[in-house]
Amino acid sequence: MVNEVVRTVQGDIRPRELGVVDAHDHLFFRSPLLPGQELDDVGLAQRELEAFAAVGGGTVVQWTPYGLGRRAEELPALAAATGVRIVAATGMHQAAHYAPQLLADRAEDLAEVFVRDLTEGIAGSGVRAGLIKVAGGFHALDAHARWTMRAAAEAHHATGAPIAVHHELGTGALDVLDLLCGELEVPARRVILGHLNRSPDFVTQREAARSGAYLAFDGPSRANHATDWRMPDAMAALAGAGFTDRLLLGGDTTTAGARSVSGGPGMPYLLRRVRPRLEEALGKEAVTRVFVDNPAEAFAVEWA
């Protein structure tokens, strides 16, 4: 669309300016579920972005939502210093990531907070979010998930922002689509279904892709999930069924030890190891589509 732009932390840009995109990752992330593994070091975040840029990375989409240490005020300077564009998130994760009082404080104004983050800026920083991140549970949507998704849908209808969804172990995608796209009338092309590689159910993946939503295959190199070794087959199956244009890839670095500059795979792993393997399975043209063209479409919005 002519008037669609991607909302980065440095301002709105044309989709073609994104380059190669890590469509789901974290520069900063803090949760009581991961004590001692906080992503909160600005210097290491810069080095990680530099490492990503060195292997051809152009943009990182940070899915860290409200209340989990986004550090939005640091993001424009990091983008300027490294040349890597950054898209920030609003939204809310599963209830287990938050203190009960914080959730109670947002009981009546969650959608308003999302809209403010998207249109005015995060926590008074002036840095605007470019997407809304929410989360489901394991094969189910509890009351918290339904509350946050309703708020996300309200914020989407007010702004046009895309909605990205964490699926616990890759499950529950069809329930999410029923709620967001069915009951709450969010266009499927504005929904990004995360972690579907963690549940290698090709039937569900094809049905989700058929809806028009995007499927984010993210978090490779995690031995405790069905990730790298099944990802090429899953993506090739989807491409063979005509859904190459529905696929996205991300690293989903959520702990300090997972950064490449701290000895983990980190953001560069997507381009150093995952991309060549996928090029064998899908072909270079299709992989370029996944890394460049698809995210340019998934995150571009005619903002209200």
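> Help me get a handle on the pairing of strand β10 (residues 214-218), residues and values and all.
The element β10 is largely enclosed, with a buried count of five among its five residues. Burial along β10 is two-sided: the residues Tyr 214, Ala 216 and Asp 218 and Leu 215 and Phe 217 are all buried. Relative to β10, strand β9 (residues 191-194) runs parallel, the two being bridged by three bridges. Among the inter-strand pairings, Ile 192 is bridged to a residue of β10, identified as Tyr 214. For the crossover from β9 across helix α7 (residues 202-210) to β10, the handedness is right-handed. Looking at chain direction, β10 and strand β11 (residues 247-250) are connected through four bridges and run parallel. Bridging from a neighbouring strand, Asp 218 pairs with Gly 250 of β11.

> Explain the packing of helix α5 (residues 143-159) against helix α6 (residues 173-183) to me, and be specific about the residues and the numbers.
It is the contact of α5 with α6, at a shortest axis distance of 10 Å, that shows an interaxial angle of 35°. In the crossing of α5 with α6, the sense of the turn from one axis to the other is right-handed. Between α5 and α6, the contacting residues are Arg 146, Met 149, Arg 150 and Ala 153 on the first element and Val 176, Leu 179, Leu 180 and Glu 183 on the second. Looking at the contact of α5 with α6 residue by residue, the classes come out as five nonpolar, no polar and three charged.

> Explain the packing of aromatic side chains to me, and be specific about the residues and the numbers.
Enumeration over the complete set of coordinates arrives at zero aromatic pairs. If you follow Arg 7 out to its NZ or CZ, it ends over the ring of Trp 303, 4.2 Å from the centre. Directly above the aromatic system of Phe 28 lies the positively charged group of Arg 71, at a separation of 5.4 Å from the ring centroid.

Cut-offs used in this document
Starting from 1, residues in each chain are numbered consecutively following that chain's sequence as written. Local features in this predicted model are restricted to residues of pLDDT 70 or higher, and side-chain atom pairs are both shown and tallied only at a pLDDT of 80 or more, whereas totals for entire chains, interfaces and linings draw on every residue. Neither water nor hydrogens contribute to the side-chain values; these are computed over all heavy atoms in the structure. Here's how the labels work: a residue is buried when its accessible area is under 20% of the maximum for its type, exposed when over 50%, partly exposed in between, all with a 1.4 Å probe on protein chains only. Strands here mean DSSP runs of E at least two residues long; helices mean DSSP runs of H or I at least four residues long; both are numbered from the N terminus. In short, DSSP must find at least two bridges between two strands for them to pair. When the strands point away from the viewer, a crossover counts as right-handed if the path from the first strand over the helix to the second runs clockwise. To get an axis, fit a line to the C-alpha atoms, keeping to the stretch in contact for a helix; angles then go from 0 to 180 degrees between the N-to-C directions. Two helices cross in a left-handed way if the nearer one is turned anticlockwise from the farther one by less than a right angle. They cross in a right-handed way if the turn is clockwise. Throughout, a contact is declared for two residues whenever any of their heavy atoms are within 4.5 Å. All residues other than Ala, Val, Leu, Ile, Met, Phe, Trp, Tyr, Cys, Pro, Asp, Glu, Lys and Arg, Gly among them, are scored as polar; the first ten of these are nonpolar and the last four charged. For Phe, Tyr and Trp, rings pair up if their centres lie within 6.5 Å, where Trp contributes its six-membered ring, and each pair is then called stacked (planes under 30 degrees apart), edge-to-face (over 60) or tilted (otherwise). Look at NZ for Lys and CZ for Arg. If either is within 6 Å of the ring centre and within 35 degrees of the ring normal, a charge sits over the ring.

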